[in-house]
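Reading the structure
Residue strings, one per chain:
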Amino acid sequence: MLEPITYKTTDEVDFAIIGSGAAGGVLAKELSTNGFRVVVLEQGPYLTEADFTHNEVEVLKRNQLTNRPEIQPTTFRKTPQDKAKRQRALVYGRMVGGSSVHFTANYWRFHEIDFIERSKVGPVPGANLADWPITYADLEPYYTKVEWEIGVSGLAGASPFDPPRSKPYPMPPLPVKSGGVIFERAARKLGWHPFPAPMAILSHPRPGRGACVQCGFCESFGCEVGAKSSTLATVIRMAEKTGRCEIRPNCYVHRIETNANGRVIGAAYFDKKRISHLQMAKAVVVCANGAETPRLLLLSANKQFPDGLANSSGLVGKYLMLNSGPSAMAVFEHPLNDYKGVAVSRILHDFYELDPRKVGFCGGGGLDARFDLTPINFASTGYDMGGLPPGTPRWGKEFKAALAHNYTRSLEIVSHGTSLPVESNSFSLDPDLKEAWGLPALRMTYKDHPDDLKLGAFLRDRILELLDATDAVQKWASPVEEQDFAYHLLGTCRMGNDPKSSVINADHRTHDVKNLFLCDGSSLVTSGRGQPTLTISALAYRAADRITELARKGEI
Amino acid sequence: MNESVSRRRFLSRGVTGISAVWASAHWPALLAAATHAHQAAKSAPPPKFEFFTADEAKEIDAITSRIIPTDDTPGAHEAGVVYFIDRGLTTFGVDDQKTYREGLPELQARMAEMFQGKSKFSELSPEQQDEVLHSFDDSGQQGQRQRGGLRSRPGAKNFFETVRQHTIAGFLIDPDYGGNRDAAGWKVIGREREHMFQPPFGYYDKGYPGWEVAVKEATKEAEKK
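Conventions we followed
- Residues numbered from 1 in each chain as written.
- Chains lettered and ligands numbered in written order.
- Predicted model: local features only at pLDDT ≥ 70, side-chain atom pairs only at ≥ 80, totals over all residues.
- Helix = DSSP H or I, 4+ residues; strand = E, 2+ residues; numbered from the N terminus.
- Rg over C-alpha atoms; globule rule 2.2 N^0.38 Å.
- Contact = placed C-beta atoms within 7 Å.
- Buried ≥ 20, exposed ≤ 12 C-beta atoms within 10 Å, placed from the backbone.
- Pairing = 2+ DSSP bridges.
- Axes fitted to C-alpha atoms, helices over the stretch in contact; angles between N-to-C directions.
- Core = buried A, V, L, I, M, F, W, Y, C linked by C-beta atoms within 7 Å.
- Expected span 1.5 Å × (residues − 1).
- Parallel < 35°, antiparallel > 145°, perpendicular 65-115°, else oblique.
- Left-handed = near helix turned anticlockwise from the far one by under 90°.
- pLDDT = per-residue confidence, 0-100.

1. Some points on the overall build of chain A
Assigned secondary structure in chain A consists of 13 helices and 17 strands. Here the C-alpha atoms of chain A give a radius of gyration of 22 Å, agreeing with the 24 Å that 2.2 N^0.38 yields for 556 residues. The principal-axis extent of the C-alpha atoms belonging to chain A is close to 70 × 55 × 50 Å. Of the contacts formed within chain A by residues at least 6 apart in sequence, a portion of 74% connects residues at least 24 apart.

Set out below in structure tokens:
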């Protein structure tokens, strides 16, 4: 094995990749394997399995693994007419491996409809629904590649709604939980089609990585045994082994520099001591997520690119999609102990593709049976995700009794659905608020499209219908309401063939700057139905193939 | 600083000294060692206070004991929540020091107005204590729950709300991290003190016949109809 290499900032590497998450990690591995010299600039720290804990206070309350509101404040408003107020608006993984380290690891492929929905359903008033310049068939080989290379557990053919696949999953599904069994039985009673959840978590060990130990701390936490198939646990290690890829943590890229010819020359970043450096590179690939990628392009405005880099369309940061979906909790007579094991063991896709003429809205979604409430979260509204029924006293004898009774007996059914692309939904630079480095803070503008709320009501009704088919003693649903907080950061530098209506082309190259590529959630043209990470990684594998071909032909 | 924290340090030193690959391959053994260490530390003497005076600690202990009272099962007192908060105020909760420094005298002042001649919360009867706390708890019942696990609400700045949140954290946090002494809180909610589990997990998956059989049974059922 080769020692990981280090480059000087004055070394003009072939590619500087900004961000090391679900896309950046994959591109680092693919491009360095293909012989290119690569530096990955990651704003967060380089943590490993030994650093990960079950410490809810550090991880959830103190944002050990995520963006930090005290130094990276954000603002929010519903529409461009409103003045944005300072509030925490989004969360993303801030470490080597990015959000793939702390995500729940639900690993759904997009279906064929997600790429061609505009052609199928026609225009939707108030949204700018568009077809992708690529189809499911174009991406299928890369979906398969991700599943096999990083390790995904699942059962091919178990869902009649699954799109075609060239290979089964590399390993069987993870064990079903009590919540999964309840979900499966109820769904079958209703004539629906539940199936084992595909998860980016190992059911069998792989070299250097343990199989899942069912500890139950997946969502929001890093996996201590390397069973969660983050880019950290998988491709980033492969990239380092090539001897051509340096992962450089604690580097906050704040500007992409260009020359008089309008070409990118490198990426300027602050190190841990807030000293600025310029890493020279022949080309830059931005994989900083659907919020930070557009922000970086906007921060990189200069005389030649007054509206921000690669923004001749004016669409950088626009068409933000979050995915949406209400949920419900239910309490059962006997203990489920669903705190054990991965968050989700059964899902269904019966409502993935709905007919807008029948339901009266455009969109679709899936349901899952989950328990992702760690103990403090379960008990607390202060951490914003309590598991107790509305009306339960917040302290005292009854509070304790409810905790004692419900914790092991609760199940959550969560829906995941479409967000339609609306131009005014966006990430932009806040004109007033600055972050700790003195640069404009992220401003989020978001108001759910009316169809998204109709879909939410539809999915909530399906959840309650499902729970009616169980022996639940008690159940309650979350309200269907407009969102003001983002987990999935999608669509903000959308892909397309027309430079007027998109930011990147099908090769992930920006229409305006020849040696600048973007690949992450921002590339998505539609939101899918709620689980975007596999698609982001598949796009990255495909982008690496395209970029490699262009580089070898001397076309970058 | 209590025993479990130093154990944690010991364990993490043990892991970082060797390769991550070795650690993950031997994880079950490491977990077993951690579990053993927990058992061994049970008889440790209570730590000293770092932030609170003895008098303050008694007051805070009394407040936490109303938030999660002791009945036929352990409460905040038995879980050593006051020690968790004390340590927290010199580490992760430094920003909350002012809330405690200013909030406790304010609570005692209100208490003295409500119950003449009393100056210490810990000397009131449980009913009187609840009455005082209710007067601080204007947010009342738990509101509608929202989805999303990572947001912390900015509003919860007042003293009682801060103590309430800290008490819940100190009662339910993984005992590795300075609270939930002897996993008392987890015993109350029925969470087993293990780091790895195996199916069957609960009542409803015990009799699950496996995916293929479940599919066959469902098909037969559908044909009958």
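Let us keep going from here.
2. Looking at the overall build of chain B
Helix and strand content of chain B: 10 helices and 0 strands. Across chain B, helices and strands are ordered from the amino to the carboxyl terminus as α-α-α-α-α-α-α-α-α-α. Per-residue burial for chain B yields a buried fraction of 32% across its 225 residues. Within chain B, contacts between residues separated by at least 24 positions form 60% of all contacts whose residues are at least 6 apart in sequence.

3. Remarks on the sheet that holds strand β12 (residues 365-370) of chain A
Residue and element names in this part refer to chain A. Strands sit in the order β5-β11-β12-β13-β10-β16 across an open sheet of 6 strands; the sheet is antiparallel. Whereas interior strands pair on both sides, the edge strands pair on one side only; in this sheet they are β5 (194-196) and β16 (474-477). Taken over all neighbouring pairs, the strand axes of this sheet differ in orientation by 20° on average, direction set aside. Note: β12 against strand β13 (residues 410-417), 6 bridges, orientation antiparallel.

4. Here we look at the nonpolar core
Residue and element names in this part refer to chain A. Core analysis: the largest hydrophobic core is formed by 204 residues, its most contacted members being L27 and V284. A total of 9 residues in this core trace back to one element, the largest contributor, which is helix α13 (residues 533-552). In this view, V284 contacts A16, I18, I256, V264, A267, N515 and L516; residues no more than four positions away in its chain are not counted.

5. Quick word on helix α8 (residues 289-299) of chain A
Residue and element names in this part refer to chain A. Summarising burial for α8: 10 of the 11 residues are buried, a large majority. Within the span of α8, buried status applies to N289, G290, A291, E292, T293, P294, R295, L296, L297 and L298. Those residues of α8 that are buried are in contact with β7 (252-258), β9 (276-286), β14 (426-434), β15 (440-445) and β17 (516-518).

6. Focus: the sheet that holds β14(A)
Residue and element names in this part refer to chain A. Strand order in this open sheet of 4 strands is β4-β3-β15-β14, and the pairing throughout is mixed. Two strands close off the open sheet at either side, each with one partner strand: β4 (85-86) and β14. Of the pairings in the sheet, the one linking β14 to β15 comprises 5 bridges and is antiparallel in character. Of the residues in β15, the one forming a bridge with K434 is P440. The sheet contacts of α8 involve β14 and β15, and relative to β14 the element is tilted by about 60°.

7. Focus: the pairing of strand β8 (residues 264-270) of chain A
All names here are of chain A. β8 sits mainly inside the fold: 5 of its 7 residues count as buried. Alignment of β7 against β8, held across 6 bridges, turns out to be antiparallel. The residue bridging I256 from the neighbouring strand is A267, located in β8. As defined by bridge partners, β8 adjoins β9 across 5 bridges and the pair is classed as antiparallel. Paired with A267 across the strands is Q279, a residue of β9. Remark: 5 residues form the turn of the hairpin made by β8 and β9, two consecutive strands paired antiparallel; R274 in that turn has positive phi of roughly 65°.

8. A few points about helix α5 (residues 136-151) of chain A
Residue and element names in this part refer to chain A. Taking 1.5 Å per residue as the helical rise, α5 with its 16 residues ought to reach 22 Å, and the 21 Å between its terminal C-alpha atoms agrees with that figure. Buried within α5 we find L139, Y142, Y143, T144, V146, E147, I150 and G151. Elements in contact with the buried residues of α5: α7 (235-241) and α13.

9. Brief notes about unusual backbone geometry
Here the residue pair P199(B) and P200(B) is connected by a cis peptide bond, since its omega of 0° sits within 30 degrees of zero. In this structure, P200(B) sits in the loop between α9 (184-189) and α10 (211-224). Phi angles above zero are rare outside glycine, and N289(A) is one such case at about 95°. Its place among the elements puts N289(A) in helix α8. Note on N289(A): 30 C-beta atoms within 10 Å, which makes it buried. Positive phi, normally seen in glycine, also occurs at D182(B), with a value near 55°. Counting through the fold element by element, D182(B) comes out in the loop between α8 (159-172) and α9.

10. Some words on the environment of P205(A)
Residue and element names in this part refer to chain A. Along the chain, P205 falls in the loop between β5 and α7. By C-beta crowding, P205 is classed as partly exposed, having 17 other C-beta atoms within 10 Å. In this structure the C-alpha to C-alpha distance between P205 and G226, which are 21 residues apart in sequence, comes to 9.3 Å. For P205, the residues in contact, after removing those within four places along its chain, are G210 and A211.

11. Quick look at the environment of F171(B)
Residues and elements named next belong to chain B. Turning to its location among the elements, F171 is positioned in helix α8. Residue classification places F171 among the buried residues on the basis of 31 C-beta atoms within 10 Å. Discounting residues that sit within four places of it in the chain, F171 has contacts with I68, A76, A79, V81, G179, N180 and G185.

12. Digging into the packing of helix α5 (residues 81-88) of chain B against α8(B)
All names here are of chain B. Running from N to C, α5 and α8 cross one another at 115°; their axes reach a closest spacing of 9 Å. In terms of orientation, α5 and α8 fall into the roughly perpendicular class. At the point where α5 passes α8, the crossing takes the right-handed sense. For the pair α5 and α8, the contacting residues are V81, F84, I85 and G88 in the first and H166, T167, G170 and F171 in the second.

13. Quick word on the pairing of β9(A)
All names here are of chain A. By the bridge criterion, 5 bridges tie strand β1 (residues 13-18) to β9 in an arrangement that is parallel. Bridge pairing in β9 links I17 to V285. In this sheet, β17 lies alongside β9 in parallel orientation, the contact comprising 3 bridges. Following the sheet pairing, V285 is matched in β17 by F517.

14. Brief notes about the confidence of the model for chain B
Low pLDDT means the predicted atomic positions in that stretch should not be read closely. All names here are of chain B. Scored by pLDDT, chain B comes out at a mean of 77, with 71% of its residues at no less than 70. When mean pLDDT is compared element by element in chain B, α9 scores highest at 98, while helix α1 (residues 3-16) scores lowest at 30. Low pLDDT, under 50, characterises residues 140-157; the predicted model gives this stretch 48 contacts beyond four residues in sequence or across chains. Taken over the whole predicted complex, pTM reads 0.92, whereas the ipTM for its chain interfaces reads 0.93.

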